[in-house]
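Structural description and commentary
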Amino acid sequence: MGGEDLVGDEEDFGTRDAGETERWRRTCAIEGHESEVKSCGWSPSGSLLATCGRDRTVWVWEAHGEEEFECAAAMHGHGGDVKRVTWHPTEDVLVTTSYDESVKIWREDADGDDWSCVRTLGGEDGNGGEGHASTVWCASFEPRALDDGRVGTRCVTCGGDGKLIVWNGKGFCNTDLEFGTSFECGHDRAVLSCSWGRNGLVAAGGGDNSIRLYGEVDGTWREVVKVENAHDDDVNHVEWSPHDSSLLVSASDDGTVTIWRLS
Amino acid sequence: MPTDDDASVRSTRGGDATTRGAIEDAFDKCLALESTARDAGYDEGVDAGRAIGEAEGRELGFRKGFELAEEVGYYAGCASAWKACARASGTYGERVERMIETLERECRESKLGDPLDEGILERVERLRGRFKTLVALLGARAVYADADASGLPSF
């Protein structure tokens, strides 16, 4: 696995010019949150949208006709800021991460009129189970179809405690999670974002301005690539391209977005 | 040969067992004065503290119980009003009407009576969620914007 490197990709992705903006039209404004909305995401089925925010709530919205969304549920339960919503790759099951140090899994009730938390991992309500010791910033599911032919079943989360935790999938379509293993990020700042690529590597962006890639070597997670000063400020978001498993995008507080290629 | 003087000296020396015991007790009381006083003060404090604690606890419980019940009562009132509006307008849609019905029923069944019931907060949270969902569905956010009783600081 050694010898890999992450380099800034030179391909020109272009910039938006004035004419292009006419192709984007606001179709719908969704209101419900009472303060900053921190994250949003489409479900794998495409008919649901999840949002979460500083008001400690998680909302699920359902597509209603062509361009409207109506509220399906407003879920309480997190004890702090909800930082991120992440949908399961194949099922309409939602994972949320929060300032309250927990990771919650949400599913629609059998009667279809509400959503409930079916599992809390870590934090105060986590029944003393293993988890993060600080804000959990992000969750990313192992892609179901990995490049090497394996079927992914796990999920990784990262937190302000500098740890990345790999959770093992269990239950129906691996929609339930249990603690698997945890490893250190390699720096003493928060890990703000993580993304599990089809190449099997977990990319993480940190408060130390770095991007690091971690891989499983003989069953243990290890840092395999480190790009220090990938940005001039906090790296808030990293994401592997869903189509080209050597492409990674990163966004930072320094105001730039960089595309990287793994070689 | 014992003289009267000898006898009196003998008695002041506490040659008699009970007299010696009595004098030792007297000295013990002096030596233990600090801890005795402290124990007595502690007991008094516990009793006084218990009384004040009970009074403060009752006041706090009243306040918290009131807040919780007020929130549930508010949702029940809204559900009742919305139900009437739904019946009058007939345009709310089956899903919204079903949710109003559920909100009303769950308010009724919220069982706030037992302060030791840990499920109370969970039930109230679910009610809060259903209320907010309905507000969003009815497009009535402007009207109910300040309704959130859980205005705790967040970070």
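From a predicted model like this one, the values you see are computed outputs, not experimental measurements.

Another point: helix α3 (residues 33-89) of chain B. In an α-helix, one turn spans 3.6 residues; hence positions three or four apart end up facing the same way. Residue and element names in this part refer to chain B. With 57 residues, α3 extends 82 Å between its outermost C-alpha atoms, agreeing within 8% with the 84 Å of an ideal straight helix rising 1.5 Å per residue. Among the residues making up α3, those that are buried are Glu71, Val72, Tyr75, Cys78, Ala79, Trp82 and Ala86. For α3, the elements touching its buried residues are α4 (94-108), α5 (119-137) and α6 (141-144). Remark: Gly90 follows α3 within two positions and exhibits a positive phi of approximately 65°.

This next bit is on the packing of aromatic side chains. The tally for this structure, following the rule as stated, stands at 12 aromatic pairs over all chains. Ring geometry for A:Trp87 versus A:Trp115: centroids 5.9 Å apart, planes at 80°, classification edge-to-face. Of this pair, A:Trp87 sits in strand β6 (residues 82-87) while A:Trp115 is found in strand β9 (residues 115-121), placing the two residues 28 residues apart along the sequence. A:Trp115 carries the same exposure label as A:Trp87, and that label is buried. For the pair B:Trp82 and B:Phe131, a centre-to-centre distance of 5.7 Å together with 20° between the ring planes defines the contact as stacked. With B:Trp82 in helix α3 and B:Phe131 in helix α5, the pair connects residues that are 49 residues apart, well separated along the chain. What makes B:Trp82 buried here is its relative accessible area of 4%. In this structure B:Phe131 comes out as buried when scored by relative accessible area, which is 4%. Site record: aromatic cluster; members linked through ring pairs are A:Phe183, A:Trp196, A:Tyr214 and A:Trp221.

Enumeration over the complete set of coordinates arrives at 31 salt bridges over all chains. The partner of A:Glu36 in a salt bridge is A:Arg54, and the shortest N-O contact between them spans 2.9 Å. Here A:Glu36 is found in the loop between β1 (6-8) and β2 (37-42), whereas its partner A:Arg54 is found in the loop between β3 (48-53) and β4 (58-64), with 18 residues between them in sequence. The exposure class of A:Glu36 is partly exposed, given its relative accessible area of 41%. Exposure remark for A:Arg54: the relative accessible area of 24% places this residue in the partly exposed category. Each of A:Asp109, A:Asp114, B:Glu106, B:Arg126 and B:Arg130 takes part in salt bridges that share partners, so that together they form one network.

Now for the sheet that holds β9(A). Residue and element names in this part refer to chain A. Read across the open sheet, the 4 strands follow the order β6-β7-β8-β9; overall the sheet is antiparallel. Looking at the sheet topology across the chains shown, the edges are occupied by β6 and β9. With strand direction ignored, the average angle separating the axes of adjacent strands in the sheet is 25°. Across 4 bridges, the pairing between strand β7 (residues 94-98) and strand β8 (residues 103-108) is antiparallel. In the sheet register, Thr96 faces β8, and the bridge partner there is Lys104.

Right, let's talk about the UniProt feature "domain: Essential protein Yae1 N-terminal" (unreviewed entry) in chain B for a bit. This chain's UniProt record puts "domain: Essential protein Yae1 N-terminal" (unreviewed entry) on residues 41-79 of chain B. Helix makes up 100% of residues 41-79 of chain B and strand 0%, whereas the separation of the span's terminal C-alpha atoms amounts to 56 Å.

As a further point, take α5(B). The first and last C-alpha atoms of α5(B) sit 27 Å apart over 19 residues, in line with the 27 Å expected at 1.5 Å per residue. Note on α5(B): the residue one or two positions beyond its end, B:Gly139, has a positive phi of about 65°.

The volume enclosed by the second largest pocket comes to roughly 740 Å³. Of the residues that constitute the lining of the second largest pocket, the class distribution is 14 nonpolar, 9 polar and 3 charged.

Once that is clear, we can look at the pairing of β2(A). All names here are of chain A. As defined by bridge partners, β2 adjoins β3 across 5 bridges and the pair is classed as antiparallel. Bridge pairing in β3 links Cys40 to Thr51. Between β2 and the antiparallel strand that follows it, β3, lie 5 residues; Gly46 among them carries a positive phi value of about 80°.

Rules used in this analysis
- Residues numbered from 1 in each chain as written.
- Chains lettered and ligands numbered in written order.
- Predicted model: local features only at pLDDT ≥ 70, side-chain atom pairs only at ≥ 80, totals over all residues.
- Heavy atoms only, no water.
- Helix = DSSP H or I, 4+ residues; strand = E, 2+ residues; numbered from the N terminus.
- Expected span 1.5 Å × (residues − 1).
- Buried < 20%, exposed > 50% of the residue type's maximum accessible area, 1.4 Å probe, protein only.
- Contact = heavy atoms within 4.5 Å.
- Phe/Tyr/Trp six-rings, centres within 6.5 Å; stacked < 30°, edge-to-face > 60°.
- Salt bridge = Lys/Arg side-chain N within 4 Å of Asp/Glu carboxyl O.
- Pairing = 2+ DSSP bridges.
- Axes fitted to C-alpha atoms, helices over the stretch in contact; angles between N-to-C directions.
- UniProt positions renumbered as here; feature names shortened; annotations may be inferred.
- 1 Å grid on protein atoms, 1.4 Å probe; cavity = no way out; pocket = protein on both sides within 12 Å on 5 of 7 lines; lining within 4 Å.
- Points joined across faces, edges and corners; volume = space filled by probe spheres on them.
- Nonpolar A, V, L, I, M, F, W, Y, C, P; charged D, E, K, R; others polar.

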